[in-house]
Amino acid sequence: MGRILAIDYGTKRTGIAVTDPLQIIASALTTVRTCDLMQFLKDYFAKETVDHVVIGMPKTLRNENSENAKNVLIFEKHFKTQFPNMTISEMDERFTSTIAHQAMIDGGIKKKDRQNKEIVDSISATIILQSYMEQKRMSL
């Protein structure tokens, strides 16, 4: 069994989270510059077995694609051409940044560290992944 990898795509930075090989625990992996994302994924897929990728899809409160969704859809199309055999899912990413900030406060992270957007992006990716895993368990 391979890992599940989640992507919180941004125009400047992209947060990445993964499960353990048994797909039980979601953990923040890293944040990469978006311009380096495809190379990072190629390198990661070469050394780790990944069964599935979850991409956060930005939605509005009306459950419509947000303005940034067009960038995510362009990335998703490019991803599919680079990794045609990889299965992917989209996951609603509404409020993940807000939840990430609250998790950081609840975890006692200092205000200065909470302002580090790289940390927020990787935690957001973890929340996307955790939501996907919960949804998957509920459908069993």
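Residues numbered from 1 in each chain as written. Predicted model: local features only at pLDDT ≥ 70, side-chain atom pairs only at ≥ 80, totals over all residues. Heavy atoms only, no water.

Turning our eyes to something else, we now look at the packing of helix α1 (residues 37-47) against helix α2 (residues 69-82). Running from N to C, α1 and α2 point in directions that differ by 40°, and their axes come no closer than 12 Å. The angle between α1 and α2 places the two elements in the oblique class. Seen along the crossing, α1 lies across α2 with a hand that is right-handed. Where α1 approaches α2, its residues L37, M38, L41, K42 and F45 are matched on the opposing element by F75, H78, F79 and Q82. Looking at side-chain class alone, the contact of α1 with α2 contains six nonpolar, two polar and one charged residues. (Axes fitted to C-alpha atoms, helices over the stretch in contact; angles between N-to-C directions. Helix = DSSP H or I, 4+ residues; strand = E, 2+ residues; numbered from the N terminus. Parallel < 35°, antiparallel > 145°, perpendicular 65-115°, else oblique. Left-handed = near helix turned anticlockwise from the far one by under 90°. Contact = heavy atoms within 4.5 Å. Nonpolar A, V, L, I, M, F, W, Y, C, P; charged D, E, K, R; others polar.)

A word on the packing of aromatic side chains. Scanning the model with the defined rule gives six aromatic pairs in all. Ring centres of F75 and F79 lie 6.0 Å apart, and the angle between their planes is 50°; on these two criteria the pair is classed as tilted. Here F75 pairs with F79, and both are found in helix α2, just four residues apart, close to one helical turn. Here the aromatic residues Y9, F45, F75, F79 and F83 are joined through ring pairs into a cluster of three or more. (Phe/Tyr/Trp six-rings, centres within 6.5 Å; stacked < 30°, edge-to-face > 60°.)

The next point concerns the confidence of the model for the protein chain. Within the protein chain, residue pLDDT values average 87, and 88% of them lie at 70 or more. Per-element confidence in the protein chain is highest for α1, whose mean pLDDT is 98, and lowest for helix α3 (residues 96-106), whose mean pLDDT is 64. (pLDDT = per-residue confidence, 0-100.)

L5, L41, F45, V53, F75 and F79 are the most contacted members of the largest nonpolar core, which totals 21 residues. Contributions of two or more residues to this core are made by β1 (3-8), β2 (13-19), α1, β4 (50-57) and α2. If you tally residues by element for this core, the top one is α1, at five residues. Non-local contacts of V53, meaning those with residues more than four positions away in its chain, are made with L5, I7, F45, F79, M86, T87, I88 and S89. Among the nonpolar cores identified, the runner-up in size contains 11 residues, and A26, V54, I128 and M133 belong to it. (Core = buried A, V, L, I, M, F, W, Y, C linked by side-chain atoms within 4.5 Å. Buried < 20%, exposed > 50% of the residue type's maximum accessible area, 1.4 Å probe, protein only.)

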